[in-house]
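This is what each chain is made of:
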Amino acid sequence: MRLDKYLKVSRLIKRRTIANEVCDAKHVMVNGKVARASYDVKIGDIIEIQMGENLLKAEVLLVSEHATKNDAGLMYKIL
């Protein structure tokens, strides 16, 4: 699954267009490297999102095309 779509489905970022813009601005790193929105997310990847002064670091536990509001939190683990 594409990185921008994963960020939206997992609800780490509210909208896919915003996820795309954050990736384009090079504020998202996967496994220590700057990642583009088209990056293919895999289980075990470590995603770091820099939003202003806030840094969010999460490990991918599940990749799913659709997730309910309750299941979205099961897709990652905050580190």
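This text goes with the structure placed above it.
Notes on the structure in this doc start here. Keep in mind that this is a model prediction, so the values were computed, not measured.

### With respect to the side chain of Asp-45
Piece 1. Inspection of the secondary structure assignment puts Asp-45 in the loop between β2 (33-34) and β3 (46-51).
Piece 2. Among buried Asp, Glu, Lys and Arg side chains, Asp-45 stands out as unpaired, with Lys-42 the closest opposite charge at 4.3 Å.
Piece 3. There is a polar contact of 3.0 Å between the side chain of Asp-45 and the side chain of Asn-31.
Piece 4. Of note is the side chain of Asp-45, whose polar atom sits 2.9 Å from the backbone nitrogen of Lys-42.
Piece 5. Here Asp-45 is in contact with Val-30, Asn-31, Tyr-39, Asp-40, Ala-58, Glu-59 and Val-60, once residues within four sequence places are set aside.

### Quick word on the pairing of β3
Piece 1. Pairing of strand β1 (residues 28-30) with β3 involves three bridges; the strand directions are antiparallel. Each bridged residue has a counterpart across the sheet, and for Val-30 the counterpart in β3 is Ile-47.
Piece 2. Counting the residues in the hairpin turn of β3 and strand β4 (residues 54-60) gives two residues, including Gly-52, whose phi is positive at 65°.

### What about the nonpolar core?
Piece 1. Leu-3, Tyr-6, Leu-7, Val-28, Ile-47 and Ile-49 are the most contacted members of the largest nonpolar core, which has 21 residues in total.
Piece 2. Counting only elements with at least two residues in this core, the list comes to α1 (3-9), α2 (16-24), β1, β3 and β4.
Piece 3. The dominant element in this core, judged by the number of residues it contributes, is α1, at four residues.
Piece 4. Setting aside chain neighbours within four positions, we find Leu-7 in contact with Leu-12, Ile-13, Ala-19, Cys-23, Ile-47 and Ile-49.

How each quantity is defined
Residues numbered from 1 in each chain as written. Predicted model: local features only at pLDDT ≥ 70, side-chain atom pairs only at ≥ 80, totals over all residues. Heavy atoms only, no water. Helix = DSSP H or I, 4+ residues; strand = E, 2+ residues; numbered from the N terminus. Buried < 20%, exposed > 50% of the residue type's maximum accessible area, 1.4 Å probe, protein only. Lys, Arg positive; Asp, Glu negative; His and termini not counted. Salt bridge = Lys/Arg side-chain N within 4 Å of Asp/Glu carboxyl O. Polar contact = N/O pair within 3.5 Å; in protein donor to acceptor, adjacent residues only side chain to side chain. Contact = heavy atoms within 4.5 Å. Pairing = 2+ DSSP bridges. Core = buried A, V, L, I, M, F, W, Y, C linked by side-chain atoms within 4.5 Å.

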